[in-house]
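Structure assessment
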Amino acid sequence: MNRQRKRTRGKNRDPTKWKVSVRGFGIMYIKAGVLCYLFYRGLLLAGIVGIIAGICGIYIEKKREYKRWQSQISLEFREGLQGIAAALSAGYSIENAFVEAVQDLRLLYGESSVLAPEFQEMTAKIQLNYPAEQALMELADRWDVEDVRRFAEIFQIAKRTGGDLIAITRTAADRISEKIEVRREIETMIAGKKMETKVMNVIPLGMILYFWICSPAFLDCLYQGSGRGLMTVLLLLYLLAYYWSERIRQIRI
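A few points on the structure. (Residues numbered from 1 in each chain as written. Predicted model: local features only at pLDDT ≥ 70, side-chain atom pairs only at ≥ 80, totals over all residues. Heavy atoms only, no water.)

In total, this model carries zero disulfides according to the counting rule given. Of all cysteine sulfurs in the structure, the one in Cys36 sits closest to Cys56, which takes part in no disulfide; the separation is 14 Å. Exposure remark for Cys56: the relative accessible area of 43% places this residue in the partly exposed category. Looking at Cys214, it has no disulfide partner, and the nearest cysteine sulfur is the one in Cys221, 17 Å off. (Disulfide = S-S within 2.5 Å. Buried < 20%, exposed > 50% of the residue type's maximum accessible area, 1.4 Å probe, protein only.)

We now examine the nonpolar core. One finds Phe77, Leu81, Ile84, Phe98, Phe119, Leu136 and Trp143 to be the most contacted residues of the largest nonpolar core, which totals 39 residues. Those elements that provide at least two residues to this core are α3 (43-89), α4 (94-109), α5 (115-127), α6 (132-143), α7 (146-161) and α8 (165-189). When residues of this core are assigned to their parent elements, the largest contribution, nine residues, is made by α3. Leu205, Met231, Leu235 and Tyr238 belong to the second-largest nonpolar core, a separate cluster that totals 15 residues. (Core = buried A, V, L, I, M, F, W, Y, C linked by side-chain atoms within 4.5 Å. Helix = DSSP H or I, 4+ residues; strand = E, 2+ residues; numbered from the N terminus.)

Tracing the sequence through the fold places Ala85 in helix α3. It is 38 Å that separates the C-alpha atoms of Ala85 and Arg247, two residues lying 162 residues apart in sequence. If we skip the residues at most four places from it in the chain, Ala85 touches Ile166, Thr169 and Arg170. (Contact = heavy atoms within 4.5 Å.)

Glancing now at α5. Because an α-helix completes one turn every 3.6 residues, residues spaced three or four positions apart along the sequence face the same direction. Helix length check: α5, at 13 residues, gives a terminal C-alpha distance of 18 Å against a target of 18 Å (1.5 Å per residue), a fit within 8%. Among all positions of α5, only Leu115, Ala116, Pro117, Glu118, Phe119, Met122, Thr123 and Ile126 are buried. Those residues of α5 that are buried lie in contact with α3, α4 and α6. Once α5 ends, the next one or two residues include Asn129, with phi positive near 65°. (Expected span 1.5 Å × (residues − 1).)

As a further point, take the packing of aromatic side chains. Evaluated as defined, the whole model comprises 10 aromatic pairs. Residues Phe39 and Tyr238 carry aromatic rings whose centres are separated by 6.4 Å and whose planes lie at 40° to one another, so their mutual orientation is tilted. Residue Phe39 is found in helix α2 (residues 18-40), and its partner Tyr238 is found in helix α10 (residues 226-249); the two are separated by 199 residues along the sequence. Accessibility assignment for this pair places Phe39 and Tyr238 in one class, buried. Each ring, one from Phe77 and one from Phe151, has its centre 5.6 Å from the other, and the planes form 70°; the classification is edge-to-face. Residue Phe77 is found in helix α3, and its partner Phe151 is found in helix α7; the two are separated by 74 residues along the sequence. (Phe/Tyr/Trp six-rings, centres within 6.5 Å; stacked < 30°, edge-to-face > 60°.)

Take a look at the structure:
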């Protein structure tokens, strides 16, 4: 089955709903419009470019929101695995272990939990004699989360070979915890550099705005004739530097 078709979720769990689209369009429209006006001094051009960028911003914001949901699922999945391991240790069956995990997630994250509805859906399938390992694989396919996929593959092998599910579940939870802690430490270490990057990205625009206010005629030659070509080159260099700084800030673990 195509992975895109597997990612069908309930409306209340969809991270790509209209609010995300509106936010993505608005942010990119303002950014692109202001940037274009600073470099070309054309309201009409800024409006057109803003609309085009806003449409692209919808896709970008949806992708960003989806990644945030993936991170949240990874975090909640660790808590869910710990609940499942505890329930299995207490003698619960795998079906009841998922029920206990849902209750734990509800207590920790309330109704805003992303994973609790997924576990609840899996529990309903398992109670209808649906294979637990297959339900886990479908969850991994829906959200494309590496931690969930790896555990689902290990869980599938353990079910077939009669492995120790309790030990496997606890080990998986520990590995995810270590990964989350490493990610947090890295985020803390580079937080200052991220702020410096944001400041450096704003400084060129602030300089243009400064000359507009303090010496309006100083930059007039750049908005006429061949000056527009120079401003286009400078804009492309600025966008390239901005893109490169964003790529450097993205550290995957």
